[in-house]
Amino acid sequence: MLPSHTFLLPLFASAASAANLWAAHYSRTINYLTFNGSSLTLSSSTATGNLLPSWITYDSIGKALYIPDEVFYGATGGSIVSFAIGTNGRLTATGNGSTPLGAVATALYGGADGKSFIANAHYQSSQVTTFKLPLDGGQPLQTLKYTGKSVNPYRQEAPHPHHVIVDPTGDFMIVPDLGADLIRIHKIEKTSGKLTECGAAKPVPGTGPRHGVFWQPAGAASRVRRAAEATTLFVGNELSNTVSAWAVSYPSGGGCLSLSLKQTLSPYQGNTTAARGTKIGEVHIKDSFLYSTNRNDKKFAPNDSLTQYTISSDGTLSWTDTTSSYGTYPRTFDINKAGDYVAIGDQTTSNVAIVARDPTTGKLGSLVADLRIGSVGVPENEDGLSAVVWAE
Ligand SMILES: *[C@@H]1O[C@H](CO)[C@@H](O)[C@H](O)[C@H]1NC(C)=O
Ligand SMILES: *[C@@H]1O[C@H](CO)[C@@H](O)[C@H](O)[C@H]1NC(C)=O
Ligand SMILES: *[C@@H]1O[C@H](CO)[C@@H](O)[C@H](O)[C@H]1NC(C)=O
Ligand SMILES: *[C@@H]1O[C@H](CO)[C@@H](O)[C@H](O)[C@H]1NC(C)=O
């Protein structure tokens, strides 16, 4: 078999067909990158206008970017900002909203199009806020303030919602709460955008759920079929350094979605425990492969690692491979649509590393391109690179 990149030569034969990416840096910039198949370059850099840009929600159809603010100090809070994307990645600020401290992730949801509202997870201030779109400079539409704590006195003294994830039906919003050891479940009222907490799954105390991603077998077409076909929520756990598979059940008659734990695995062969200091970051899926970033595990010292897991048809995982993140503290990563490249955002080394990916086996290959953006960070600080997404 030919190496997968052979098939890409026509695509990247001219600079005109290059691919682009967006990368946010905590030093208040959003950066437009160009990848020509062998080299990654900075095409433009724009001030975000907020204080600690932590995340990018990219609306490819609406040609818009939403960037929340992790600012965790001061009395005034932060702002979520939105941009319209023009030709050659030209950005125009289109709106903003006032947010409480510590927003670390956002998700579009609700309305007829599934993107009429946006939710923010606030790690620092133990809450989720929502806004109606477009952002009009105002206050949140809704604020859900959580209570609770768990067993780790340093990280679990209060709720710390870390992610907001819409389920495949668009009817539920899932919030992994690292501080309270809960996976909170909310019913979405699609017209008003109102969220109603309707239950929670309870990981083992000390798990620290951080990020999640839904998976369905190929070909799942309707909600009824999905329910019968092993819809699974995979969650990356930052404190236990494991990935868990939760079976998803949909109620008949409009009740709350429920989750039941079916499997937990470490990111390493033989379910070996992670090295002290490791903090699992993001999880993403492409086809029947799940990937986690294993921040600060130093498996490829000085670099950290990513793990590839294979998802079987019933939604269970098996470890497949662990490969280099080509930098330290891989906070963020994104797989392109063709599935032949992965962009890894290493926070502390502040670089975007592009590695080849075999679309059939899901295996991550060698480093193809690498670009430092802005200033490097300090381990464990909120600086360096915060987010990367393919602009496609
Ligand atoms: C990609 O860009 C690099 C650096 O500008 C250049 O050397 C290389 O020839 C380009 N490759 C293609 C396929 O355009
Ligand atoms: C929010 O929008 C207003 C009105 O356009 C603008 O004056 C302000 O600078 C914006 N703030 C941020 C943080 O983007
Ligand atoms: C893997 O190890 C974790 C603890 O790190 C444990 O909770 C889990 O049950 C183990 N999984 C398997 C399949 O043995
Ligand atoms: C770590 O990653 C960098 C790219 O950021 C690469 O140049 C270097 O060779 C890697 N080091 C090791 C030991 O793999």
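Bear in mind the structure is a predicted one, so any value in this text is a computation, not a measurement.

A. Spatial organisation of the pairing of strand 23 (residues 317–324). Sheet analysis places strand 22 (residues 305–311) next to strand 23, joined by seven bridges and oriented antiparallel. Following the sheet pairing, Q308 is matched in strand 23 by D321.

B. Structural context of the packing of aromatic side chains. Applying the stated criterion across every chain yields a total of six aromatic pairs. On the basis of an interplanar angle of 65° and a centroid distance of 6.1 Å, the ring pair of F35 and W390 is categorised as edge-to-face. Of this pair, F35 sits in strand 2 (residues 29–35) while W390 is found in strand 28 (residues 385–390), placing the two residues 355 residues apart along the sequence. Given the relative accessible area of 0%, F35 is considered buried. When the centroid spacing of 5.4 Å and the interplanar angle of 85° are considered together, the rings of F72 and Y73 count as edge-to-face. Judged by relative accessible area, which is 43%, Y73 ranks as partly exposed. By the ring-pair criterion, three or more aromatic residues cluster together here, those being F35, Y341 and W390. Over the face of the ring belonging to Y146 we find R184, whose NZ or CZ atom lies 4.0 Å from the ring centre.

C. Inspection of the pairing of strand 10 (residues 127–132) at higher detail. Here strand 10 lies mainly inside the structure; five of its six residues are buried. One ladder, built from six bridges, connects strand 9 (residues 117–122) with strand 10; its direction is antiparallel. Within the sheet, the bridge partner assigned to H122 lies in strand 10 and is Q127. Here strand 10 pairs with strand 11 (residues 142–145) via four bridges, running antiparallel. What sits directly across from T130, in strand 11, is Q142.

D. Expanded view of the confidence of the model for the chain. Averaged over the chain, the pLDDT score is 94; the fraction of residues at 70 or greater is 93%. In the model, residues 1–15 has pLDDT below 50 throughout and makes 17 contacts with residues more than four positions away in sequence or in other chains.

E. Molecular detail of the sheet that holds strand 25 (residues 341–346). Sheet architecture is open: four strands sit in the order 24-25-26-27, paired in antiparallel fashion. Single-partner strands in this sheet number two, and they are strand 24 (330–335) and strand 27 (364–372). Pairwise comparison of adjacent strand axes, ignoring direction, gives a mean angle of 20° for this sheet. The sheet contact formed by strand 25 and strand 26 (residues 351–357) spans six bridges and is antiparallel. Looking across to strand 26, one finds that V342 is bridged to V355.

F. Spotlight on the environment of G102. Mapping G102 onto the fold places it in the loop between strand 7 (91–99) and strand 8 (103–109). Distance in space between the C-alpha atoms of G102 and D59 is 22 Å, their sequence separation being 43 residues.

G. Region of interest: the layout of surface pockets. In this structure, the largest pocket occupies an estimated 1,300 Å³ of space. Looking at the largest pocket, it is lined by 43 residues, and the ones nearest its centre are W55, T57, Y58, H284 and D334. The set of elements that each furnish at least two residues to the lining of the largest pocket consists of strand 4 (57–59), strand 8, strand 12 (165–166), strand 16 (209–215), strand 20 (279–286), strand 24 and strand 28. Residue composition of the lining of the largest pocket, grouped by class: 21 nonpolar, 13 polar and nine charged. Looking at the second largest pocket, it is lined by 19 residues, and the ones nearest its centre are E70, Y123, R155, K279 and E382. Here the residues of the lining of the second largest pocket sort into four nonpolar, six polar and nine charged.

Cut-off values and rules
Residues numbered from 1 in each chain as written. Chains lettered and ligands numbered in written order. Predicted model: local features only at pLDDT ≥ 70, side-chain atom pairs only at ≥ 80, totals over all residues. Heavy atoms only, no water. Pairing = 2+ DSSP bridges. Helix = DSSP H or I, 4+ residues; strand = E, 2+ residues; numbered from the N terminus. Phe/Tyr/Trp six-rings, centres within 6.5 Å; stacked < 30°, edge-to-face > 60°. Buried < 20%, exposed > 50% of the residue type's maximum accessible area, 1.4 Å probe, protein only. Lys NZ or Arg CZ within 6 Å of the ring centre and 35° of its normal. pLDDT = per-residue confidence, 0-100. Contact = heavy atoms within 4.5 Å. Axes fitted to C-alpha atoms, helices over the stretch in contact; angles between N-to-C directions. 1 Å grid on protein atoms, 1.4 Å probe; cavity = no way out; pocket = protein on both sides within 12 Å on 5 of 7 lines; lining within 4 Å. Points joined across faces, edges and corners; volume = space filled by probe spheres on them. Nonpolar A, V, L, I, M, F, W, Y, C, P; charged D, E, K, R; others polar.

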